[in-house]
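Single-letter residue listing:
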Amino acid sequence: MPRLLGVDIPGNKQLPYAFTYIFGIGRSVARQICEGLSLDAARKAHTLTDEELARIAAYVEKNYVVEGNLRRQRTQNVNRLRDIKCFRGLRHRAGLPVRGQRTRTNARTRKGPRKTIAGKKKVAK
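These numbers come from a predicted model, not from an experiment.

What counts and how
The residue count restarts for each chain, going from 1 along the sequence in the order it is written. Only residues with pLDDT of at least 70 are given local features in this predicted model, and only at 80 or more are side-chain atom pairs given and counted; all residues enter the totals for whole chains, interfaces and linings. Only hydrogens and water are removed before side-chain values are computed, so all heavy atoms of the structure are retained for them. Here a helix means four or more residues in a row that DSSP labels H or I, a strand means two or more in a row labelled E, and each is numbered from the N terminus. C-alpha atoms define the radius of gyration in this analysis, and the globule rule sets the expected value at 2.2 Å times the number of residues to the power 0.38. The cut-offs for exposure are 20% and 50% of the maximum accessible area for each residue type, with area from a 1.4 Å probe on protein chains only; residues under the lower value are buried, those over the upper are exposed, and the others partly exposed. Any two residues having at least one pair of non-hydrogen atoms within 4.5 Å are treated as being in contact. Accessible surface is estimated by sampling points in the Shrake-Rupley manner with a 1.4 Å probe; for residues, cover comes only from the protein chains shown. Charge assignment: positive for Lys and Arg, negative for Asp and Glu; neither His nor the chain ends contribute. Charge positions come from single atoms, namely NZ of Lys, CZ of Arg, CG of Asp or CD of Glu. To count toward a patch, a residue needs a relative accessible area above 30% and no salt bridge. Like charges then connect within 9 Å, nonpolar side chains (Val, Leu, Ile, Met, Phe, Trp, Tyr) within 5 Å. Within this document, salt bridges are pairs made up of a side-chain nitrogen of Lys or Arg and a carboxyl oxygen of Asp or Glu, the two lying within 4 Å of each other. We define a nonpolar core as any set of buried Ala, Val, Leu, Ile, Met, Phe, Trp, Tyr and Cys residues linked to one another through side-chain atoms lying within 4.5 Å. Cavities and pockets were defined on a 1 Å grid built from protein atoms only: a cavity is a group of points that admits a 1.4 Å probe but offers it no way out, a pocket is an open group of points flanked by protein on both sides within 12 Å along at least five of seven lines, and a lining residue is one with an atom within 4 Å of any such point. Grid points are joined across faces, edges and corners, and a volume is the space filled by probe spheres set on the points. Gly falls in the polar group here, along with every residue not listed as nonpolar (Ala, Val, Leu, Ile, Met, Phe, Trp, Tyr, Cys, Pro) or charged (Asp, Glu, Lys, Arg). Per residue, pLDDT captures the predictor's confidence, and it can take any value from 0 to 100.

## Section: the overall build of the chain
Regarding its fold elements, the chain presents six helices and two strands. Here the C-alpha radius of gyration of the chain, 22 Å, is well above what a compact globule of 125 residues would show, namely 14 Å. Summarising its shape, the C-alpha atoms of the chain cover approximately 70 × 35 × 20 Å along the three principal directions. Every one of the 125 residues in the chain was classed for burial, and the buried ones make up 29%. Relative to all contacts within the chain whose residues are 6 or more apart in sequence, the contacts with residues 24 or more apart total 45%. As presented, the chain carries roughly 9400 Å² of accessible surface, and 49% of it is formed by carbon and sulfur atoms. Between the mean site of the 29 positive side-chain charges and the mean site of the 9 negative ones, the chain shows a separation of 26 Å.

Following this line, the structure appears as structure tokens:
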């Protein structure tokens, strides 16, 4: 199992699919990496030599923001919104949907599981 940028990538997968295990690299960027370094996309990851792994790591570090730096950047962006107390920052702070979705229903991913209120009765029609 080769190690690339601090991540173990699966050796039994083709290169573009193995690269997607790195946070910040999707399938299209993985294909661009293969083309940029003229690597055969059909090769399996376990066939990479140490020299090729070093070339890939240098290329990715130079051209893309990945792994820890990307996570840190995303966290700093959210914290900036919270600090300036804009609408999006307040939504992040409250744990509610940020991009204008409705919250009367269908916001369970952000709001978490339902909290039942004891003693509340539904109005009968």
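Structure shown, so let's carry the discussion forward.
## What about a positive patch on the surface?
Among the surface-exposed residues, Arg 82, Lys 85, Arg 93 and Arg 110 lie close enough to one another that they form a single positively charged patch. Mapped onto the secondary structure, Arg 110 falls in helix 6 (residues 108–111).

## Let's talk about the pattern of salt bridges
A complete count under the given rule lists three salt bridges for this structure. Among the ionic pairs, Asp 8 bridges to Arg 3, the shortest N-O distance being 2.9 Å. Here Asp 8 falls in the partly exposed class, since its relative accessible area comes to 39%.

## Quick notes on the nonpolar core
By size, the foremost hydrophobic cluster in this structure holds 21 residues, and its most contacted members are Leu 4, Phe 19, Ile 25, Ile 33 and Ile 56. Of all the elements in the fold, those that place two or more residues in this core are helix 1 (15–19), helix 2 (27–36) and helix 3 (50–63). Residue contacts for Ile 25: discarding those within four places in its chain leaves Phe 19, Thr 20, Ala 30, Ile 33, Val 60 and Val 66.

## A short note on the layout of surface pockets
For the largest pocket, the calculated volume is near 480 Å³. Taken together, 15 residues line the largest pocket, and the ones lying closest to its centre are Arg 108, Arg 114, Lys 115, Ile 117 and Lys 120. Per-class residue counts for the lining of the largest pocket are three nonpolar, four polar and eight charged.

## Brief notes about the confidence of the model for the chain
Per-residue pLDDT for the chain has a mean of 92; in total, 98% of the residues score no lower than 70. Averaged pLDDT values for the elements of the chain fall to 91 in strand 1 (residues 3–4) and rise to 96 in helix 5 (residues 87–94).

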